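# Coordinate inspection notes
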Amino acid sequence: MWTRRDVVKTLAAGGGMLAMPATIREALGALEPDVEIVLTATKGEAPILSGRATPVWTYRGKVVKGEAGSMQSIPGSYLGPIIRVRKGQRVRLVLENGLAEATNIHWHGLHVPDDMDGHPRHTAAPGKRFVYEFEIKDRAGTYFFHPHPHGRTGTQAYFGLAGLFLVSDEEEQAAKLPLGEYDLPLILQDRSFDGENRLVFLSDERARGGGMMGGGMMGGMMGGGMMDMMTRMMGFLGDRVLVNGRPDAILSVATRPYRLRLLNASNARIFKLAWDDGSPLTVIGTDGGLLEAPVQRSYVTLAPGERIELWTDFSRYAVGTELTMRSLPFAGDMAMGGGMMGGGMMGMMMGNQELPNGAAFPVLKVRVARSEKAPVTLPKRLSTIVRYRPEDAVNYRRPRVFHITMGMMEWGINGRGFEMERVAEDEIVRLNTLEVWEFANDASMGMMGMMAHPMHIHGLQFQILERSVTRALREARDSVSAGYVDEGWKDEVFLMPGERAKVLVAFKDFPGLFPYHCHMLEHGDTGLMRNYLVRV
Ligand SMILES: [Cu+2]
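Computed from a prediction, not measured in an experiment: that's the story for all the values here. (Residues numbered from 1 in each chain as written. Predicted model: local features only at pLDDT ≥ 70, side-chain atom pairs only at ≥ 80, totals over all residues. Heavy atoms only, no water.)

## Digging into the sheet that holds strand E1 (residues 35-46)
Keep this limit in mind: Two strands form a pair only when DSSP identifies at least two bridges running between them. Going along the chain from the N terminus, every DSSP run of H or I of four or more residues is numbered as a helix, and every run of E of two or more is numbered as a strand. Axes here mean lines fitted to C-alpha atoms, for a helix over just the part in contact, with angles spanning 0 to 180 degrees between N-to-C directions.
Strands sit in the order E2-E1-E5-E7 across an open sheet of four strands; the sheet is mixed. Only two strands of the sheet have a single neighbouring strand rather than two, namely strand E2 (54-65) and strand E7 (129-135). Put simply, the sheet's adjacent strands are angled 20° from each other on average, direction ignored. Sheet topology places E1 next to E2; eleven bridges connect them, and they run antiparallel. By the bridge assignment for E2, Val-38 is matched with Lys-62.

What follows is the structure in structure tokens.
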């Protein structure tokens, strides 16, 4: 008898055939799952602004097997559902595609086989389903899921398709962190609306998103052309901030500690988050779960796709206190000719200049509403993180360098755009090895200048080894870098213009083809994505 893993190994070793066909998977007979959830991607409506409901795309979730608590919806929001599972559980997640275009789901941050990861080559056509089955091998943490069809990720996520995937384990339980209503997910997104409360994206997407033509004068003037082309390439920025799918969010809290799980689910918005009363943030977790010990930051930098977990104790505030979490100003996300630029020519062409990256704005209001004692204290030690040793990396002396590049108005990595099922020689790694990868965001891109990029590797969590920055752009980088939390497990590393980062990446358990890309969704959709191949 071949195990499922044997099949994958053999297919991968044979080269060429990388994905295991569904028929083989079915023939192998997957073990019965502990949790089975059906997620239907569909069009719907959500009340977001006052007045008319907003047409959105959304996942409708249904627990078919397992505890009812395995899934939690966010009332009145297009986001979600929130899936809650434990390490070691086997899950079956059935995607039903009720959209008019192909879609799939990427389980962001999770360590799963390549054919379960939501690679763009594995999609469900309209009306079809895709069955994801895997064991939760990851440690406790705040993971999430979103569509990943090539060229359409930005659009599908923008219109509402995203949810949290929270994993718990024994180590986390031992840390005795706030639970239930004191364990709050905060999903941050920027969006734009028109006068009819419809989401505004690229002008030619309006019809798909809203089910109605935008048309008219605005549609004609702004439609297609330069504006769309620039947005499609440089990233969409909305002028309103939504928290858990709602505008002007107010959080009503008690005088006790909370666990706040922040996810930046924006397409291209970078947050520099701080409390308006100047109190520091106590960070307890990053992309891949809890840190070893809490760390303090005066602000945290959160790029698209990144997560950060905070321990926030409201017991030092009097009942009635209001405070605001704000995004602080920073140098922006674009550099040209050796300096940063805010609202120059390129900025003007970006389509949305009302709230460029680097602008300040309020994110969330907190009202301390009631007095409550809680028997929880901030643990000195949160978890154990076994550090990779750089000298154990097979390429310790010669890190694999991935330059972010711009060709003929198209993003790329080492000069190559995305190719669905191909890898280059320098993108092939061996199973059971540790490597140093260096992402380099300091190549000159001529007219296009440089932009900030959060680089994401599918299928694993890595450790950040070191960073460096071009001298001319140091000051701009320093406007956000005190908010980096590089201590924990990461599946993304954010790079400002001129910045480079070395990360330690281990390839375990699963051979196959996985993407790595920029998580500014428009960048990934327009070429800033490649595959890497894990060979046996
Ligand atoms: Cu990017």
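Resuming the write-up.
## Describing the sheet that holds strand E13 (residues 250-254)
An order of E13-E23-E20-E15-E18 is seen for the five strands of this open sheet, with the pairing classed as mixed. Since the sheet does not close on itself, it has two edges, and those belong to E13 and strand E18 (300-302), each with one partner. For this sheet, the mean angle separating the axes of adjacent strands, direction not counted, is 30°.

## Let's talk about the nonpolar core
Generally speaking, soluble globular proteins have nonpolar side chains that are buried together. Inclusion rule: Throughout this description, the term nonpolar core refers to a set of buried Ala, Val, Leu, Ile, Met, Phe, Trp, Tyr and Cys residues connected via side-chain atoms within 4.5 Å. Exposure is judged per residue with a 1.4 Å probe applied to protein chains only, and the accessible area is read against the type maximum: over 50% gives exposed, under 20% gives buried, and values in between give partly exposed. Contacts are residue-level and defined by heavy atoms, with any inter-residue pair within 4.5 Å sufficient.
Within the largest apolar cluster, 51 residues are counted, with the highest numbers of intra-cluster contacts made by Leu-93, Trp-107, Tyr-132, Phe-134 and Phe-165. Broken down by secondary-structure element, the contributors of at least two residues to this core are E1, E2, strand E4 (82-86), strand E5 (90-97), E7, strand E8 (141-146) and strand E9 (163-168). For this core, the leading source of residues is E1, giving five residues. With residues near it in sequence (within four places) discarded, Trp-107 still touches Leu-39, Leu-93, Met-116, Asp-117, Tyr-132, Phe-134, Phe-144, Phe-145 and Phe-165.

## Here's the deal with helix H7 (residues 225-234)
Where H7 is concerned, the buried positions are Asp-228, Met-230, Thr-231, Met-233 and Met-234. Downstream of H7 by one or two residues, Gly-235 has phi in the positive range, about 120°.

## What to know about the confidence of the model for the protein chain
Our working definition: A residue's pLDDT is the confidence the predictor assigns to it, expressed on a 0 to 100 scale.
Summing up the model confidence of the protein chain, the mean pLDDT is 90 and the portion of residues at 70 or higher is 87%. Low pLDDT, under 50, characterises residues 1-8; the stretch is placed with 18 contacts to residues that sit more than four places away or in other chains. A low-confidence stretch, residues 207-223 stays under pLDDT 50, and its non-local contacts, those more than four residues away or across chains, total 22 contacts.

## Considerations on the pairing of strand E11 (residues 240-243)
Across four bridges, strand E10 (residues 183-191) lies against E11 in antiparallel orientation. If you follow Gln-189 over to E11, its bridge partner there is Leu-242. With two bridges joining them, E11 and strand E12 (residues 246-247) adopt antiparallel strand pairing. The residue of E12 that forms the bridge with Leu-242 is Pro-247. A loop of two residues connects E11 with E12, the two strands running antiparallel in sequence, and Asn-244 in this loop sits at a positive phi of about 50°.

## Overview of the environment of Phe-159
Along the chain, Phe-159 falls in the loop between helix H3 (153-158) and E9. We classify Phe-159 as buried; its relative accessible area is 1%. A sequence separation of 116 residues divides Phe-159 from Lys-43, and the C-alpha atoms of the two residues are 9.1 Å apart.

## Details of a nonpolar patch on the surface
Short version of the rule: Without a salt bridge and with relative accessible area above 30%, a residue can belong to a patch; like charges are then joined within 9 Å and nonpolar side chains (Val, Leu, Ile, Met, Phe, Trp, Tyr) within 5 Å. Note on areas: Shrake-Rupley, 1.4 Å probe, and residue coverage restricted to the protein chains presented here. Whenever a carboxyl oxygen of Asp or Glu lies within 4 Å of a side-chain nitrogen of Lys or Arg, that contact is scored as a salt bridge.
A contiguous nonpolar surface patch, about 280 Å² in accessible area, is contributed by Met-226, Met-229 and Met-409. In this structure, Met-409 sits in the loop between strand E24 (400-406) and strand E25 (411-413). According to the relative accessible area criterion, Met-409 is partly exposed, its value standing at 40%.

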